[in-house]
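The lines below spell out each chain.
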Amino acid sequence: QVQLAESGGGLVQAGGSLRLSCAPSGYTICISTMAWYRQAPGKERELVASITPGDDRNYADSVKGRFTVRKDNAKNLYLDMNDLKPQDTAVYFCQADHRPVPNPPCSPYETDYWGQGTRVTVSS
């Protein structure tokens, strides 16, 4: 019922900044908590930052103080990344939890949604 499309990845030097964007489409009323995940080469996928419908935010310790997650009224999701480090190099994924109410239109059978990812490379 929902599609997520990430953009904004690229190649930057250490200490630089990037802004990632995630644009949902479809029945966005069926989205609750949203998050950014990342997966670096040879590592497991990890949670970077999340934001609830009430704007409660959580960050991984490795990005706290450098990254900011935000959303707008249309549920576009953003990740403002500052002071980037080589260890931030990864594919970044947008994720959204599904909520089954209001029904209709929200399906009782969906679980969550994932984008296809956008690659961030930070050079030293």
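Preceding this section is the structure that the text describes.
Residues numbered from 1 in each chain as written. Predicted model: local features only at pLDDT ≥ 70, side-chain atom pairs only at ≥ 80, totals over all residues. Heavy atoms only, no water.

K.L.:
Quick one: what's the story with the pattern of salt bridges, residue by residue and with numbers?
P.N.:
Counting across every chain of the model gives eight salt bridges. K64 is paired through a salt bridge with D61; the nearest N and O atoms lie 3.3 Å apart. Among the residues examined, D61 registers a relative accessible area of 68% and is labelled exposed. What you see here is one network of salt bridges that share partners, running through R38, E46, R66 and D88. (Salt bridge = Lys/Arg side-chain N within 4 Å of Asp/Glu carboxyl O. Buried < 20%, exposed > 50% of the residue type's maximum accessible area, 1.4 Å probe, protein only.)

K.L.:
Any chance you could break down the sheet that holds strand β7 (residues 67-71) for me, citing the residues and the numbers?
P.N.:
With antiparallel pairing, the four strands of this open sheet are ordered in space as β1-β3-β8-β7. This sheet does not close on itself; its edge strands, each paired only once, are β1 (2-7) and β7. Neighbouring strand axes in the sheet, compared pairwise and without regard to direction, differ in orientation by 15° on average. Of the strand pairs in this sheet, β1 and strand β3 (residues 18-26) are connected by six bridges, and their pairing is antiparallel. Bridge pairing in β3 links A5 to A23. (Pairing = 2+ DSSP bridges. Helix = DSSP H or I, 4+ residues; strand = E, 2+ residues; numbered from the N terminus. Axes fitted to C-alpha atoms, helices over the stretch in contact; angles between N-to-C directions.)

K.L.:
Quick rundown of the state of the cysteines? Include the residues and the values.
P.N.:
Taken as a whole and judged by the stated rule, the model has two disulfides. Paired through a disulfide, C22 and C94 show a sulfur-sulfur distance of 2.1 Å. Linking C22 and C94, the disulfide has an S-S dihedral of approximately -75° and is accordingly described as left-handed. Residue C22 is found in strand β3, and its partner C94 is found in strand β9 (residues 90-98); the two are separated by 72 residues along the sequence. Note on C22: relative accessible area 1%, which makes it buried. Accessibility expressed as a relative area gives 0% for C94, which makes it buried. Between the sulfur atoms of C30 and its disulfide mate C106 the distance is 2.1 Å. Residues C30 and C106 are joined by a disulfide whose S-S torsion is about -95°; by sign, that bridge is left-handed. Residue C30 is located in the loop between β3 and β4 (31-39), and its partner C106 is located in the loop between β9 and β10 (112-114); the two are separated by 76 residues in the primary sequence. Each member of the pair, C30 as well as C106, carries the same accessibility label: buried. Sequence-ordered numbering of the disulfide-bonded cysteines in the protein chain gives the connectivity 1-3, 2-4. (Disulfide = S-S within 2.5 Å.)

K.L.:
Please provide a residue-by-residue account of the packing of aromatic side chains, values included.
P.N.:
This model, assessed by the stated rule, comprises one aromatic pair. Over the ring of F93 we find R45, and its NZ or CZ is 3.9 Å from the ring centre. Geometry around W114 places R45 over its ring, the cationic atom sitting 4.9 Å from the centre. (Phe/Tyr/Trp six-rings, centres within 6.5 Å; stacked < 30°, edge-to-face > 60°. Lys NZ or Arg CZ within 6 Å of the ring centre and 35° of its normal.)

Such coordinate-based values are descriptive only and should not be taken to indicate function.
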